[in-house]
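Commentary on secondary and tertiary structure
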Amino acid sequence: MRCKCKNGLMERSVKPEHVEDLGGLVVKVLNAVVVQRCSACGDEMIGIPDVQGLTRAAAMARAQIPERLTGKEVRFIRRALDMKQTDFAAAMDLSAEHVSRWENDHNGVGGASEKLVRHNVCALLSDGACEYDPKAIASMVFVPFPEGGIAPIEMVRVRTTHRTNEEDDTMWSEAA
Ligand SMILES: [Zn+2]
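Residues numbered from 1 in each chain as written. Predicted model: local features only at pLDDT ≥ 70, side-chain atom pairs only at ≥ 80, totals over all residues. Heavy atoms only, no water.

As recorded by an unreviewed UniProt entry, the protein chain carries the name HTH cro/C1-type domain-containing protein and is attributed to Bradyrhizobium valentinum.

Moving on: the coordination of the zinc ion. Distances from the zinc ion to its protein donors, Cys3 (SG), Cys5 (SG), Cys38 (SG) and Cys41 (SG), fall at 2.2 to 2.4 Å. One can describe the site at the zinc ion as tetrahedral: its four donor atoms subtend angles covering 105 to 115° at the metal. The sequence motif formed by the donor residues of the zinc ion is C-x1-C-x32-C-x2-C. One end of the pair, cysteine 3, is in the segment before strand S1 (10-21); the other, cysteine 41, is in the loop between strand S2 (26-38) and strand S3 (44-47), with 38 residues separating them in the sequence. (Donors = N, O, S within 2.8 Å, 3.2 Å for Na, K, Ca; no water. Tetrahedral: all angles 85-135°; square planar, octahedral: opposite > 155°, others 65-115°. Helix = DSSP H or I, 4+ residues; strand = E, 2+ residues; numbered from the N terminus.)

Glancing now at the packing of helix H3 (residues 85-92) against helix H4 (residues 96-104). One way to put it is that H3 packs onto H4 with a least axis distance of 8 Å and a crossing angle of 110°. Classified by the angle between their axes, H3 and H4 sit roughly perpendicular to one another. In this structure, H3 contributes Gln85, Thr86, Phe88 and Ala89 to the contact, and H4 contributes Ala96, Val99, Ser100, Trp102 and Glu103. Across the contact of H3 with H4, the residue classes break down as five nonpolar, three polar and one charged. (Axes fitted to C-alpha atoms, helices over the stretch in contact; angles between N-to-C directions. Parallel < 35°, antiparallel > 145°, perpendicular 65-115°, else oblique. Contact = heavy atoms within 4.5 Å. Nonpolar A, V, L, I, M, F, W, Y, C, P; charged D, E, K, R; others polar.)

On to H4, then. Looking at H4, one finds that the buried residues are Val99, Trp102 and Glu103. Seen along its axis, H4 keeps its buried residues to an arc of 95°; they face one direction. Turned more than 90 degrees away from the buried face of H4 sit Glu97, Arg101 and Asn104, all of them exposed. (Buried < 20%, exposed > 50% of the residue type's maximum accessible area, 1.4 Å probe, protein only. Arc of directions from axis to C-beta.)

Inspection of the sheet shows S2 paired to strand S4 (residues 153-159) by three bridges, in the parallel sense. Looking at the pairing, valine 27 lines up with isoleucine 153 of S4. Where S4 lies against strand S5 (residues 170-174), five bridges are found, and the strand directions are antiparallel. Counted as the bridge partner of arginine 159 is threonine 170 from S5. (Pairing = 2+ DSSP bridges.)

Moving on: the pattern of salt bridges. A pair can form between side chains of opposite charge whenever their charged atoms are brought close. By the definition in use, this model includes 10 salt bridges. The salt bridge involving arginine 62 is made with glutamate 73; its shortest N-O contact spans 2.8 Å. Of the two residues, arginine 62 sits in helix H1 (residues 51-63) while glutamate 73 sits in helix H2 (residues 71-80), which places them 11 residues apart along the sequence. Taken as a pair, arginine 62 and glutamate 73 share a single burial class, namely buried. Two residues, arginine 78 and glutamate 103, come together in a salt bridge whose shortest N-O distance is 2.5 Å. Here arginine 78 is found in helix H2, whereas its partner glutamate 103 is found in helix H4, with 25 residues between them in sequence. Here arginine 78 falls in the buried class, since its relative accessible area comes to 9%. The structure contains a network of salt bridges with shared partners spanning Glu17, Lys28 and Glu154. (Salt bridge = Lys/Arg side-chain N within 4 Å of Asp/Glu carboxyl O.)

Turning to the confidence of the model for the protein chain, a few remarks are in order. The share of residues in the protein chain with pLDDT of 70 or more is 94%, and the mean pLDDT across the chain is 90. Per-element confidence in the protein chain ranges from a low mean pLDDT of 89 for helix H5 (residues 111-125) to a high of 97 for S2. (pLDDT = per-residue confidence, 0-100.)

Another point: the environment of alanine 80. By secondary structure assignment, the location of alanine 80 is in helix H2. The residues touching alanine 80, leaving out its near neighbours within four places in the chain, are Thr55, Arg56, Ala59 and Leu125.

The next point concerns the packing of H2 against H4. Where H2 meets H4, the closest approach of the two axes is 6 Å, and the angle between their N-to-C directions is 125°. In terms of orientation, H2 lies oblique with respect to H4. Facing Gly71, Lys72, Val74, Arg75 and Arg78 of H2, the residues of H4 in contact are Trp102, Glu103 and Asn104. A breakdown of the residues in the contact of H2 with H4 according to their chemical character gives two nonpolar, two polar and four charged.

Take a look at the structure:
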């Protein structure tokens with residue numbers, strides 16, 4: 001493919017690391033982001049495969065990290081589930097006002113609700129391929145959300161262990 005500068009060709013490579021803000025949650029994508037870079041002007045085009053799958057896998061990974069969920073993260077997780085506030089509230093057996101309050105408060109969920117939300121989110125996002133350990137959540141001891149935020153969650157493409165009808169047999173997973 002020729003670059004729009006007309007002086008070079010776009011060369012394809014895979015970035016070893018790429019940090020991406022998914023809108024409320026930052027991930028570090030390992031060996032999966034495709035870069036098309038012009039050999040002449042250095043212009044870059046970045047392609048992230050299956051952003052929706054990445055968002056879902058990252059939300060599930062976040063639900064299993066003990067730092068307390070912030071309001072922004074609750075919103076991110078709700079969007080990963082592709083739910084409106086009212087749908088999310090119904091799924092979590094809460095009022096829409098309650099969810100709205102969570103999302104607008106930096107301190108987020110807190111209390112017993114936080115475990116319930118994490119359980120529900122993982123259950124709703126797990127698709128048989130992406131596993132989670134309910135016991136780990138049940139026995140989780142929450143820690144405060146750190147001042148500077150949590151480290152980007154490292155995500156990789158892995159082979160699916162179950163059959164799919166799709167040509168692409170890879171999916172997103174948190175890096176081991
Ligand atoms: Zn160029």
